[in-house]
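Okay, here's what each chain looks like letter by letter:
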Amino acid sequence: MWLVAVVGMPLMLASMVAAAQSPVGRWKTIDDETGRVKSIVEITQAANGTLSGRVAQVLQSDRGPNPVCDKCSGTRRNQPITGMTILWDLKPDGSEWSGGTILDPANGKTYKSKAKMLDANRIGVSGCIAFICREQVWQRE
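Keep in mind the model is a prediction, meaning the values are calculated, not measured.

(A) Local environment of the pairing of strand S1 (residues 25-30). Pairing of S1 with strand S2 (residues 37-45) involves six bridges; the strand directions are antiparallel. Looking across to S2, one finds that glycine 25 is bridged to isoleucine 43. Hairpin connection, S1 to S2: the antiparallel pair is bridged by six residues, and glycine 35 has positive phi, about 80 degrees.

Here you go:
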């Protein structure tokens, strides 16, 4: 019986650490210039393992309390940013997620995207054009 406990405990702890390192959850996006929290993004994981993120709440906006994506094109044009999916199709890639797309509602542009857990409470989310990437660090809510 003690052998089960000795072998089982490390496995249980490892699974708890892995769960704590999951990007699934609610994240505070931080403005690069002001350091203020701009929004809450909820990241979910589909059955196929891909991640997506939608804006659950806009907390800070230069365009009022209920901003719309006026610079977006297609079906997102002039739609409320709250509730909008801004991150999609991130696929597991070792210790990161890559191959996805991220939308910047401020300018309506989409970028190739990748993400990695920095620790249990911080995730680095990048938008890339060619080989140039810009990373934002989001904090777990």
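(B) The sheet that holds strand S6 (residues 109-119), seen in detail. Spatial strand order, S1-S2-S3-S4-S5-S6-S7-S8: eight strands in a closed barrel with antiparallel pairing. Recorded for the sheet is a direction-independent mean angle of 35 degrees between the axes of neighbouring strands. In this sheet, strand S3 (residues 51-58) lies alongside S2 in antiparallel orientation, the contact comprising seven bridges. Bridged to glutamate 42 within S3 is arginine 54.

(C) Region of the structure containing the pattern of salt bridges. The full count for this structure, using the stated rule, is six salt bridges. The partner of arginine 26 in a salt bridge is glutamate 141, with the nearest N and O atoms 2.6 Å apart. Of this pair, arginine 26 sits in strand S1 while glutamate 141 sits in the segment after strand S8 (132-140); the two residues are 115 residues apart in sequence, bridging distant segments of the chain. With a relative accessible area of 31%, arginine 26 lands in the partly exposed category. In this structure, lysine 116 engages glutamate 135 in a salt bridge whose closest nitrogen and oxygen atoms are separated by 4.0 Å. Of this pair, lysine 116 sits in strand S6 while glutamate 135 sits in strand S8; the two residues are 19 residues apart in sequence, bridging distant segments of the chain.

(D) Expanded view of the state of the cysteines. Here the structure, examined in full by the defined rule, presents two disulfides. Between the sulfur of cysteine 69 and that of cysteine 72 lies a disulfide, 1.7 Å long from S to S. Torsion about the S-S bond of the cysteine 69 and cysteine 72 cystine: about 50 degrees, corresponding to right-handed handedness. No difference in accessibility class separates cysteine 69 from cysteine 72, as the two residues are buried. Disulfide pairing is shown between cysteine 128 and cysteine 133; the S-S distance is 2.1 Å. An S-S torsion of about 105 degrees defines the bridge between cysteine 128 and cysteine 133 as right-handed. Residue cysteine 133 is classed as partly exposed on the basis of its relative accessible area, which comes to 35%. For the protein chain, the bonded cysteines pair up as 1-2, 3-4 when numbered in the order they occur along the sequence.

(E) Spatial organisation of unusual backbone geometry. Phi angles above zero are rare outside glycine, and asparagine 78 is one such case at about 60 degrees. Along the polypeptide, asparagine 78 turns up in the loop between S3 and strand S4 (85-93). Accessibility expressed as a relative area gives 43% for asparagine 78, which makes it partly exposed.

(F) Broad picture of the side chain of serine 126. Tracing the chain through its elements places serine 126 in strand S7 (residues 122-129). Given the relative accessible area of 6%, serine 126 is considered buried. Contact partners of serine 126, with chain neighbours within four places excluded, come to Ile102, Lys112, Ser113, Lys114, Cys133, Arg134 and Glu135.

The rules behind each value
Residues numbered from 1 in each chain as written. Predicted model: local features only at pLDDT ≥ 70, side-chain atom pairs only at ≥ 80, totals over all residues. Heavy atoms only, no water. Pairing = 2+ DSSP bridges. Helix = DSSP H or I, 4+ residues; strand = E, 2+ residues; numbered from the N terminus. Axes fitted to C-alpha atoms, helices over the stretch in contact; angles between N-to-C directions. Salt bridge = Lys/Arg side-chain N within 4 Å of Asp/Glu carboxyl O. Buried < 20%, exposed > 50% of the residue type's maximum accessible area, 1.4 Å probe, protein only. Disulfide = S-S within 2.5 Å. Contact = heavy atoms within 4.5 Å.

Coordinates in, geometry out; function isn't part of it.
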